[in-house]
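Coordinate inspection notes
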Amino acid sequence: MKFGVVVFPGSNCDRDVAYVTKNLMGQPTRMVWHQDTELSDLDVVIIPGGFSYGDYLRCGAIAQFSPVMQQVIEHAQKGKPVLGICNGFQVLTEAGLLPGALARNQDLHFICDRVPVKVERTDLSWTQNYQTGEIITLPIAHGEGRFYADEKTLSEIEDNGQVLFRYEGDNPNGSLNNIAGICNSKGNVLGMMPHPERASDSMLGNSDGLKLFQGLLEKVTALV
Ligand SMILES: N[C@@H](CCC(=O)O)C(=O)O
């Protein structure tokens, strides 16, 4: 399975993601510069964390206009997997591939921590290797991670079962309904604020995030 990792000016988790897909999972992985407009060789597109365009205006607000994004949208429209981690999640909401928005954390501080996260749904490839209701620990590092959606959108997200990950216990950033990660209605686009790639190598003391990437290898057809 071939992975593509999108790189914007200011991305800083691109190599961490590639380390997981290439070194830990042994899958072909291509770094995709944001001006690249050819993604047809890829099975999975990952938009990594970081500070694309210096987080000017709003996180992800400028990256959505990069040339690569039109191809990312087409990739998603074909039902192929797209994962946005942290800044990648912000880019996906800005691009309209996921509902809602990520606003500044409620205390207006950048948060860097490890937090318990509950896996809500396990019938999609992304989460099939977890148990429903399992509490995992994942790193977070963001200034704009407070998930927000208007009332109607929020109830649609909940009613459709689009919440895959929820903060357990303390809500670190004020996200509505403790939302940490959502998918689109088809299930093939996932955005999450926690960083699974930073919790994938047991050498770092936590590999709770690895199962998410491994899930993609085993049953991609279950995504749609
Ligand atoms: N720059 C973004 C995300 C950071 C990241 O992706 O790690 C923020 O502060 O909200």
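Structure: above.
Residues numbered from 1 in each chain as written. Predicted model: local features only at pLDDT ≥ 70, side-chain atom pairs only at ≥ 80, totals over all residues. Heavy atoms only, no water.

Most of strand β9 (residues 163-167) sits out of view: 5 of its 5 residues are buried. Relative to β9, strand β6 (residues 111-119) runs antiparallel, the two being bridged by 3 bridges. Counted as the bridge partner of Val119 is Phe165 from β9. Two strands pair when backbone bridges link them, and β9 and strand β10 (residues 179-183) are joined in this way by 3 bridges, in the antiparallel orientation. (Buried < 20%, exposed > 50% of the residue type's maximum accessible area, 1.4 Å probe, protein only. Helix = DSSP H or I, 4+ residues; strand = E, 2+ residues; numbered from the N terminus. Pairing = 2+ DSSP bridges.)

Any aromatic ring pair is given by two values, namely how distant the centres are and how the planes are angled relative to each other. Within this structure, the stated rule accounts for 3 aromatic pairs. With centroids separated by 6.4 Å and ring planes inclined at 50°, the aromatic side chains of Phe8 and Tyr53 adopt a geometry described as tilted. Of this pair, Phe8 sits in the loop between β1 (3-7) and α1 (14-24) while Tyr53 sits in the loop between β3 (44-47) and α2 (68-77), placing them 45 residues apart in sequence. Phe8 gets classed as buried once you look at its relative accessible area, which sits at 2%. Judged by centre distance (6.2 Å) and plane angle (20°), the rings of Phe51 and Phe110 are stacked. Of this pair, Phe51 sits in the loop between β3 and α2 while Phe110 sits in the loop between β5 (101-103) and β6, and the two are 59 residues apart along the sequence. (Phe/Tyr/Trp six-rings, centres within 6.5 Å; stacked < 30°, edge-to-face > 60°.)

Once that is clear, we can look at the sheet that holds strand β4 (residues 82-85). Taken in spatial order, the 9 strands of this open sheet run β2-β1-β3-β4-β11-β10-β9-β6-β7, and their pairing is mixed. Two strands lie at the open edges of the sheet, namely β2 (29-33) and β7 (135-142), each paired on one side alone. Sheet twist, expressed as the average angle between the axes of neighbouring strands with direction ignored, equals 25°. Sitting on the sheet, α1 touches β1, β2, β3 and β4, and the angle it makes with β2 is about 160°. The strands touched by helix α5 (residues 210-218) within the sheet are β1, β3, β4, β9 and β11 (189-192), with β4 carrying the most contacts at an inclination of about 175°. (Axes fitted to C-alpha atoms, helices over the stretch in contact; angles between N-to-C directions. Contact = heavy atoms within 4.5 Å.)

Distances and angles like these do not, on their own, reveal function.
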